[in-house]
Amino acid sequence: MSKKIYFLILTIIPFLAKASDTTLTKNTISWNSKINLESNALTIDFISRMLGGGFISDTQKNNWISKLSENNTLFSEFSNNISYNRISGKNSFSFSVADRNLARIAFTGDLMKVALFGNYNYQGDTLLFDKTNLNLTRFQQVKIGYGREFKIQDKTVKVSTALSYLNGNQHLSFLSEKASFYTAPYGTYNDLEYDITAFATDTANFNYFENNGSGVAFDFELNFQLKEKKYSIYLFDLGYINWKESALKYNTDTTYSFKGFEIDNLLEFNDSLLEKEADQYLEDIYLNAKKDNIKSYIPANFGLKIEAPLNDLYFNKYIFGVNLKWQPYQDNMLLSLEKILQGFYESGYSPYFYLKTYKQYKGALLIPQIAIGGYTQKLSFGLTTQFFKKSTLQLGCQHLESVFKGKDSNALSVYLQMRLKF
Amino acid sequence: MKKIFLITLALISLLSCKHELERPSWNTELLLPLVNSEINIKDILIDSTLNVHEDNDGFISLVYQQELTNINLDTILYVKDTLGVTKVVLDSLNFNDISITETTRLGEILGPIGRIAFPHQSTMNIPNMNGIIQDNNIPVDASDYFESMTFYKGFLAISMYNGLPTELANVTIQLADAVNNNQIASFSFSSIPPISHVYDSIPLAGQTINKDLIAILSNIDIMASNGPVIINHWDAIVLDLEIKDIGFTDATAIFPEQRVAEILKEHYIDIGSAEIEKIKIDKGSVRVNSTSTLPDTGRIDYNIPSLTRNGKSFTSANIIPPSNNGGFTSYDYNLDGYDIDLTGQNGRYGGDTINTIYTEFFAFVDSSGELVNINQNDSFYSYIDLNIIPEYAKGYLGQDTIDITVDEIETSIFRNVLSGELDLESAKLTFNITNYLGADLQIKFDQLNMFNSITSITESAGFDFLSQFHTIPRASQFGENNVLAPTFTDIKLDAAQMLSILPNKIESELKIYLNPFGPTTEIGFIYPEQTLNAGLHLEIPLSLMANNLTFIDTNIVEISQNNEVEIEKIFLTINNGIPFDANINVMLYDELDNLIDTLFNNQLLLSAKVDDNYLVTESTTSTLSANYNNSGKIRKIITVASFNTQPNNRFIKIYSDYKMDINMSAKLRKTIGN
């Protein structure tokens, strides 16, 4: 791993050295930190309780469950990024290193019910857990980018590309495409139908920057201007990580009816019999697990945005855009239209439409935003405040409504950017 | 500076928002099946002594078997273990005749002057020479034969030969002890013609003779010859002394090797009324125990011609060393595989007999070449130990009456039944008698009761049964190897009434009559290891009426309340395919037998549904629920269940496919996050 990083750094240094000789260069060093927590159903109350602890009452559980939909998604990202950009005439170069922690959970309302209440109150009911997915990934992303401006019929077109090396640390995924759970009256039997694909990296290698897998990601962006409007079409972080074979992969697809442990002589019942039977079941499960490698995708962003000046009393310009995310659960088919659609659907991310406007005040630049879609699939309001002009400090929030909704909000978002230009 | 301050402030604000994370927790109520079990009627009823049989229709009968006894009939074959005591006194000890010869030459008689006067080979007249020999002592040495000898019989004989050419007259000879000059004998001969013998003897009974003797020639006269005779100085008078036909009471002598006793004897063995001709020994030994008072080594040859193996009879030679303190010398001989012929001595007068062993006893005195002192009271003393485990015996086993008293036999048929009423449509009690004896038998029960020790109720088999004599035919043997073919006889009675008291004990007392009809032409036999087996076989067809038939069952278990999962409620879902209603009580106890909880209290389990023929047509599902309120360790579960057949006024038949599906599930409270 370290050799790869050294190689990349050494590859970058000549670009930097050459760029420093020109008087037309613009150098920027940025630090970005982002905390983003979004769900279409779970509230901050749920998340804060899960993170902050404390006893959860039945009232709270009922409140949370009442807000669940058929398919529920929770996404979070905690990331820190440091980047360097250099614009040298028509060329631009970039280098960034990011530490990213992504979590995405998709589940049904029934799963939440049984998780919070147990199955006692659902005797005679079939609870559905289809499309249940848990995906936790931590990785470092080292990105090198290059951009260039082209003149086409008096129009300036800028094409930017970047290639990332992904150093996979830890990955835990659990996917059940189809699952259901039935509890017979008086619990005489439980029917469990499920298919499960689970994967866990080697927990023996649990250091922060342990290399348990490697991957690549690709960026592409096209910017052009028509009249006063700037258009941008982009594709960011289209990539994957191949996890090492030392991890455990568990695959099963079964229908299982559990009537209790079968005892030859009930009158000689002893809990040691249960332990013995349980151990046998666990042993069977362990036998089904095998070491294997797996490919996981990081969330890719596709989008289009339009930036135009405004001669408005209040706002200087606006940006309107739409963003899509692509992240299939697993690498289960070759690239095709179906695979592309699968990635969009399984990302749990609705098309995110947003409108930003810019208002410059004396001490700060305010960038309010209104959006709909995304992981919350709801209307959201954002606000970014930028201080200073040359070297800037940005503090922002994409879900300002959470301040008003409080614990009933479905999202929490904060980001910080410090940018030093020289 | 201002920028740096602002940046620092912003970072501190963010980092200071670190929240002390706690684990969330919430309660869940889980409903899980714990165990399931399919119990059929066999599972309910079976235990180590109770078997379940079913016929082609699946109708079930309970079969209880118990070996009453392997009746010990070893009194039939009692072999006396000591073949008498043999004492042999040495009054018949032999001692060879003793002969001592003394020769006196003419030259010695004449002396030096006489030899001049009567030259050798001259022809001269011999004149009268009175008193030519007077008081001439001739030492007689008997030390080659004895040191001393006290006679109770015997003779001292003297023989005198006159080898001179003229007559001897007035011959007087005395034999005296050389030590004390005591005279032993005196002989007188008035005339001994030339070239002739004279002979005389005296009895020695009561005399003691030592080895050093003197023969005293008190007087010998030489008579004148009839004319001239040739004078030969070598002519001699020969004196022979002989002790013969010796019988002594005490002797210090060198005894020759000799057999001192021979006892050929038949031993009658007391085997009661049995008349045994042959015994095959499985394991056995004989010990020859002997001692003697002899100062010399003795030997006993003990033979038992009646005892043979591979055609060779038993013989033994037992050296008996001198015994200082009367201790016995014992010799052991293995008798495994020997046959004992009990018909007596081979070729005996009057023909073969029975129960008789023929033995031979020979006692020997060995010669050591040394002087030993033997008294007529010296003796050999011997006895024989026989230790025999017969493999079999052949012969008529006799007539006998054997009392078999079986105090009380515990039965476990109804051991789990606490109370209630049980009516059985039928029950067959059979005593299986296996006779391995070559003898006819008769069995009569003097007593046969079933007893319930809890209710103290006794039920007898009844007069009709107790008055019967049951004949048991004899076993037989066939083939060259005498393969044993026992007979099997069943003694049956209807025990339904006896079982209605739910007995836990059987009391019986019986007599066995051996050869009740006397001897037959068939040869009898007995294999002591296997004589007569009696087993109890109880067959109970499960066609019954039960009225509150209450079972109790105690199970030792180890069930602990899990700290992570709390059991709130237990559900027992029973799909009953057996035509019994049941009231169920389940109690939980700790290791000190303290009642922790009553799990199910008189909860009703419904009977399966039956048709007009009282056959089960449909199972009935009952769910019993119980709150589970214990936090301690359960060590014992006591289940008390009262059963009622449905309908309860009819005999209900139980079939093997009747079963219960039992599912135990639990409502669990699990606090997630704790």
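Conventions used here
- Residues numbered from 1 in each chain as written.
- Chains lettered and ligands numbered in written order.
- Predicted model: local features only at pLDDT ≥ 70, side-chain atom pairs only at ≥ 80, totals over all residues.
- Heavy atoms only, no water.
- Helix = DSSP H or I, 4+ residues; strand = E, 2+ residues; numbered from the N terminus.
- Buried < 20%, exposed > 50% of the residue type's maximum accessible area, 1.4 Å probe, protein only.
- Contact = heavy atoms within 4.5 Å.
- Areas by Shrake-Rupley, 256 points an atom, 1.4 Å probe, with all protein chains shown as cover.
- Polar contact = N/O pair within 3.5 Å; in protein donor to acceptor, adjacent residues only side chain to side chain.
- Patch = residues over 30% accessible without salt bridge, like charges linked within 9 Å, V, L, I, M, F, W, Y side chains within 5 Å.
- Salt bridge = Lys/Arg side-chain N within 4 Å of Asp/Glu carboxyl O.
- Arc of directions from axis to C-beta.
- pLDDT = per-residue confidence, 0-100.
- Pairing = 2+ DSSP bridges.
- Axes fitted to C-alpha atoms, helices over the stretch in contact; angles between N-to-C directions.
- Parallel < 35°, antiparallel > 145°, perpendicular 65-115°, else oblique.
- Nonpolar A, V, L, I, M, F, W, Y, C, P; charged D, E, K, R; others polar.
- Core = buried A, V, L, I, M, F, W, Y, C linked by side-chain atoms within 4.5 Å.
- Phe/Tyr/Trp six-rings, centres within 6.5 Å; stacked < 30°, edge-to-face > 60°.
- Lys NZ or Arg CZ within 6 Å of the ring centre and 35° of its normal.
- Lys, Arg positive; Asp, Glu negative; His and termini not counted.
- Charge placed at Lys NZ, Arg CZ, Asp CG, Glu CD.

1. Details of the overall build of chain A
From N to C terminus, chain A includes 7 helices and 22 strands. Counting only residues that meet the buried cut, chain A has 47% of its 422 residues in that class. Long-range contacts, defined here as pairs at least 24 residues apart, represent 68% of the contacts in chain A between residues at least 6 apart. As displayed, chain A offers around 21,800 Å² of accessible surface, 61% of which is attributable to carbon and sulfur atoms.

2. A word on the overall build of chain B
Helix and strand counts for chain B come out as 5 helices and 47 strands. Entry remark: accessible area of chain B is about 32,700 Å², with carbon and sulfur atoms responsible for 47%.

3. Here's the deal with the side chain of A:Ser176
Residue and element names in this part refer to chain A. With respect to the helices and strands, the residue Ser176 is situated in strand β7 (residues 155–176). At 2.8 Å, the side chain of Ser176 and the backbone oxygen of Asp195 are in polar contact. The residues contacting Ser176, other than those within four sequence positions of it, are Phe129, Asp130, Lys131, Thr132, Tyr194, Asp195 and Ile196.

4. Describing a nonpolar patch on the surface
Residue and element names in this part refer to chain A. Together, Phe320, Phe353, Leu355, Ile370, Ile372, Leu379 and Phe381 make up an exposed nonpolar region whose accessible area comes to about 580 Å². Mapped by element, the contributors of at least two residues to the nonpolar patch are β18 (350–360), β19 (364–374) and β20 (378–387). Take Ile372: its relative accessible area is 42%, and that puts it in the partly exposed class.

5. Here's the deal with helix α3 (residues 58–66) of chain A
Turning to α3(A), its buried residues are A:Gln60, A:Lys61, A:Trp64 and A:Ile65. Along the long axis of α3(A), the arc covered by the buried residues comes to 130°, so they all point the same way. The exposed residues of α3(A) that point more than 90 degrees off its buried face are A:Thr59 and A:Ser66. Taken together, the buried residues of α3(A) touch α2 (44–52), β2 (54–56) and α4 (109–117) of chain A together with β1 (24–40) of chain B.

6. What to know about the confidence of the model for chain A
All names here are of chain A. A residue-level look at chain A finds 86% of positions with pLDDT of 70 or above and a mean pLDDT of 84. The spread of mean pLDDT over the elements of chain A runs between helix α1 (residues 2–19), the lowest at 42, and strand β17 (residues 317–326), the highest at 95. Low confidence marks residues 5–24, where pLDDT is under 50. Its contacts with residues over four positions away, or in another chain, come to 18 contacts.

7. Thoughts on the environment of B:Leu213
All names here are of chain B. Take Leu213: it is sitting in strand β13 (residues 212–222). Judged by its relative accessible area of 4%, Leu213 is buried. Leaving out residues up to four positions away in the same chain, Leu213 has contacts with Ile138, Pro139, Val140, Leu175, Ala176, Asp177, Ala178 and Ile184.

8. Points about the sheet that holds strand β10 (residues 183–192) of chain B
All names here are of chain B. Here 4 strands make up an open sheet; going across it, the order is β7-β13-β9-β10 and the pairing antiparallel. The strands lining the two open edges of the sheet, one partner per strand, are β7 (129–141) and β10. Here the average twist between neighbouring strands, direction ignored, is 10°.

9. Structural notes on the packing of α3(A) against α4(A)
Residue and element names in this part refer to chain A. Contact pair α3 / α4: the axes reach a minimum separation of 10 Å and the direction vectors enclose 175°. The orientation of α3 with respect to α4, classified from their angle, is roughly antiparallel. Contact residues: Asp58, Lys61, Asn62, Trp64 and Ile65 in α3; Met112, Lys113, Leu116 and Phe117 in α4. Tallied by class, the residues present in the contact of α3 with α4 amount to 5 nonpolar, 1 polar and 3 charged.

10. Digging into the pattern of salt bridges
Under the definition given, this model contains 29 salt bridges over all chains. Notably, a salt bridge pairs A:Lys131 with A:Glu177, separated by 2.6 Å at the nearest N-O pair. With A:Lys131 in the loop between β5 (126–128) and β6 (132–152) and A:Glu177 in the loop between β7 and β8 (179–183), this residue pair connects regions lying 46 residues apart in the sequence. Here A:Lys131 falls in the partly exposed class, since its relative accessible area comes to 25%. The partner of B:Glu147 in a salt bridge is B:Lys211, with the nearest N and O atoms 3.7 Å apart. Here B:Glu147 is found in strand β8 (residues 146–162), whereas its partner B:Lys211 is found in the loop between β12 (208–210) and β13, with 64 residues between them in sequence. Relative accessible area serves as the criterion here: at 31%, B:Glu147 is assigned to the partly exposed category.

11. Observations regarding unusual backbone geometry
Of note, the bond from B:Gln646 into B:Pro647 is cis; its omega dihedral lies within 30 degrees of zero at -5°. One can find B:Pro647 in the loop between β45 (634–645) and β46 (652–653). Phi at A:Tyr186 is positive, roughly 65°, even though this residue is not glycine. Summarising the element assignment, A:Tyr186 is placed in the loop between β8 and β9 (190–200). One non-glycine residue, B:Tyr614, lies in positive phi territory at about 65°. Of note, B:Tyr614 is situated in the loop between β42 (609–610) and β43 (616–618).

12. Thoughts on the nonpolar core
It is characteristic of soluble globular proteins that their nonpolar side chains tend to be buried jointly. Grouped together as the largest cluster of nonpolar side chains are 172 residues, with contacts concentrated most on B:Met160, B:Phe380, B:Phe431 and B:Leu448. Per-element accounting of this core gives the leading share, 8 residues, to strand β15 (residues 236–253) of chain B. The next biggest cluster of nonpolar side chains, apart from the first, holds 26 residues, and it includes A:Ile47, A:Phe107, A:Tyr194 and A:Ala198.

13. A short note on the packing of aromatic side chains
According to the stated counting rule, one finds 27 aromatic pairs over all chains in the structure shown. With a centroid separation of 5.3 Å and 15° between ring planes, the pair formed by A:Phe224 and A:Tyr231 is classed as stacked. Since its relative accessible area comes to 23%, A:Phe224 is described here as partly exposed. The rings of A:Phe75, A:Tyr349, A:Tyr352, A:Tyr354 and A:Tyr375 are connected pair by pair, giving a single aromatic cluster. In this structure, A:Lys317 packs its charged tip against the face of A:Tyr358, placed 4.4 Å from the ring centre. Positioned above the aromatic ring of B:Phe59, the side-chain terminus of B:Lys653 is 5.4 Å from the ring centre.

14. Section: α4(A)
Burial in α4(A) covers these residues: A:Gly109, A:Asp110, A:Met112, A:Val114, A:Leu116 and A:Phe117. In this structure, the buried side of α4(A) is in contact with α2, α3, β3 (71–88), β4 (91–108) and β5 of chain A together with β1 of chain B. One or two positions beyond α4(A), positive phi appears at A:Gly118, with a value near 85°.

15. A closer look at a negative patch on the surface
Taken together, the side chains of B:Glu275, B:Glu277, B:Asp341 and B:Asp352 define an acidic patch exposed on the protein surface. Looking at the secondary structure, you find B:Asp341 in strand β22 (residues 339–341).

16. Some details on the pairing of β8(B)
All names here are of chain B. Inspection of the sheet shows β8 paired to β15 by 14 bridges, in the antiparallel sense. Bridging from a neighbouring strand, Leu156 pairs with Ile243 of β15. Across 3 bridges, the pairing between β8 and β12 is antiparallel. Looking at β12, one finds that Thr150 is bridged to Thr208. Summarising the sheet, β8 and strand β11 (residues 196–203) pair through 8 bridges and their orientation is antiparallel. If you follow Phe155 over to β11, its bridge partner there is Pro203.

17. Considering the side chain of A:Glu346
Residue and element names in this part refer to chain A. Among the structural elements, Glu346 can be located in helix α6 (residues 337–346). One polar contact links the side chain of Glu346 to the main-chain amide nitrogen of Tyr329, over a distance of 2.6 Å. Setting aside residues no more than four positions away along its own chain, Glu346 makes contact with Arg104, Lys131, Glu177, Gln327, Pro328, Tyr329 and Gln330.

18. Let's talk about the confidence of the model for chain B
Residue and element names in this part refer to chain B. Averaged over every residue, the pLDDT of chain B is 85; the share at 70 or more is 91%. Within chain B, strand β31 (residues 470–472) carries the highest mean pLDDT (95), whereas helix α1 (residues 2–15) carries the lowest (48). Residue range residues 1–9 is modelled with pLDDT below 50. Its contacts to residues more than four positions away, or to other chains, number 3 contacts. For the stretch residues 11–19, pLDDT sits under 50, and the model shows 3 contacts to residues farther than four places along the chain or on other chains.

19. Notes on the environment of A:Leu248
Relative to the helices and strands, A:Leu248 resides in strand β12 (residues 248–258). Linking A:Leu248 and A:Asn293, residues 45 residues apart in sequence, is a C-alpha distance of 8.1 Å.

20. Side note on the environment of B:Glu509
Residue and element names in this part refer to chain B. Along the chain, Glu509 turns up in strand β35 (residues 505–514). For the pair Glu509 and Asp446, spaced 63 residues apart in the sequence, the C-alpha separation amounts to 5.4 Å. Discounting chain neighbours no more than four positions away, the residues touching Glu509 are Ile404, Thr405, Lys444, Phe445, Asp446 and Gln447.

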